[in-house]
Amino acid sequence: MCGRGVKLVADVPGMPPTGQLLVGLARLGQAVRMEAWRNAGPHHLSPLQADIILLLHGRGGALRQGEIVTALASTPPTVSDAVKVLRKKELVDAGRDPGDARVMLLGLTPAGHDEAARLAIQSEKLTDAVSALDPADFAAMLRGMTHLMRELQDRRAIPVSQMCLTCRFFVPQAHADPLRPHHCDFVDAPFGDAELRVTCPDHDPA
Ligand code: SF4
């Protein structure tokens, strides 16, 4: 066995299945990153600068720099440099935390919010490719990806995401309907693997 539930077939050439999957994921990551560079927009954003804008927008409020570092699994100097550039571009501003004057909070300016709205429009090329998947493959891929993300989160290899699998409102396999077996207590509705969230504004850690 190679990993859980994956059988090695001796006469198939190349890396074992786990290696093949990891190479495939790396290729997909490259494609997403390349699209991010292509989508630099009028402010010539790097992928990290774009990630910071989307994070501040998604959290709906100002964040400490340390929170940005943790959420993006980056390093303080790297985020600090990116924030400096974003402040120069007048997309991010800083203010004192009203609860603790020693702490600086970073938030989006009106131009930053405009930029977040532009960035929220997903790449047509990537969206078209994902939309071309068979619905069953799409659901299986989303299910597999969320489980892999949780494994990596447990091993502290990636930052914690606001996803269904770690949400207190998520009730897996609550219904007999094979297409919509799960239940979201937040909206009190059943849903299927194809609707699993890897980022959700209503997530509450379990
Ligand atoms: S609130 Fe969001 S993250 Fe939580 S179970 Fe419902 S859809 Fe999933």
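Residues numbered from 1 in each chain as written. Predicted model: local features only at pLDDT ≥ 70, side-chain atom pairs only at ≥ 80, totals over all residues. Heavy atoms only, no water.

Enquirer: Would you explain a nonpolar patch on the surface in this entry?
Expert: Residues L21, L22, L25, L28, V130, L133, M141, L148 and L152 make up a contiguous nonpolar surface patch of roughly 750 Å² in combined accessible area. Breaking the nonpolar patch down by element, the ones donating at least two residues are α1 (17–38) and α7 (135–154). Examining the composition of the nonpolar patch, we find that 4 residues originate from one element, α1, more than from any other. Structurally, L152 is set in helix α7. Residue L152 is classed as partly exposed on the basis of its relative accessible area, which comes to 31%. (Patch = residues over 30% accessible without salt bridge, like charges linked within 9 Å, V, L, I, M, F, W, Y side chains within 5 Å. Areas by Shrake-Rupley, 256 points an atom, 1.4 Å probe, with all protein chains shown as cover. Salt bridge = Lys/Arg side-chain N within 4 Å of Asp/Glu carboxyl O. Helix = DSSP H or I, 4+ residues; strand = E, 2+ residues; numbered from the N terminus. Buried < 20%, exposed > 50% of the residue type's maximum accessible area, 1.4 Å probe, protein only.)

Enquirer: What is the right way to read the confidence of the model for the protein from this model?
Expert: Keep in mind that low pLDDT regions are not for reading the predicted coordinates in detail. With 95% of its residues at a pLDDT of at least 70, the protein reaches an overall mean of 92. Per-element averaging of pLDDT across the protein places strand β2 (residues 100–108) at the bottom with 90 and strand β4 (residues 182–184) at the top with 98. (pLDDT = per-residue confidence, 0-100.)

Enquirer: Mind showing me how you'd approach the UniProt feature "domain: HTH marR-type" (unreviewed entry) in the protein here?
Expert: Look at the UniProt record and you will see "domain: HTH marR-type" (unreviewed entry) annotated at residues 18–154. With 67% helix and 11% strand, residues 18–154 has end C-alpha atoms that lie 19 Å from one another. (UniProt positions renumbered as here; feature names shortened; annotations may be inferred.)

Enquirer: Is there a simple way to think about the pattern of salt bridges in this case?
Expert: Two side chains that carry opposite charge are able to pair once their charged atoms sit near each other. This structure, assessed with the given rule, holds 9 salt bridges. Notably, a salt bridge pairs R38 with E35, separated by 2.3 Å at the nearest N-O pair. Of this pair, R38 and E35 both sit in helix α1, separated by 3 residues, roughly a single helical turn. On the basis of relative accessible area, R38 is assigned to the exposed category, the value being 52%. Under the relative-accessibility criterion, E35 is labelled buried at 12%. Put simply, R155 and E151 hold a salt bridge, and the shortest N to O gap is 2.6 Å. Among the ionic contacts, a cluster of salt bridges with common partners joins E35, R38 and K125.

Enquirer: How should the pairing of strand β1 (residues 92–97) be read in this particular structure?
Expert: Two faces belong to every sheet, and in a regular strand the side chains alternate between them. As defined by bridge partners, β1 adjoins β2 across 6 bridges and the pair is classed as antiparallel. Bridge pairing links D93 to G107 in β2. Hairpin connection, β1 to β2: the antiparallel pair is bridged by 2 residues. (Pairing = 2+ DSSP bridges.)

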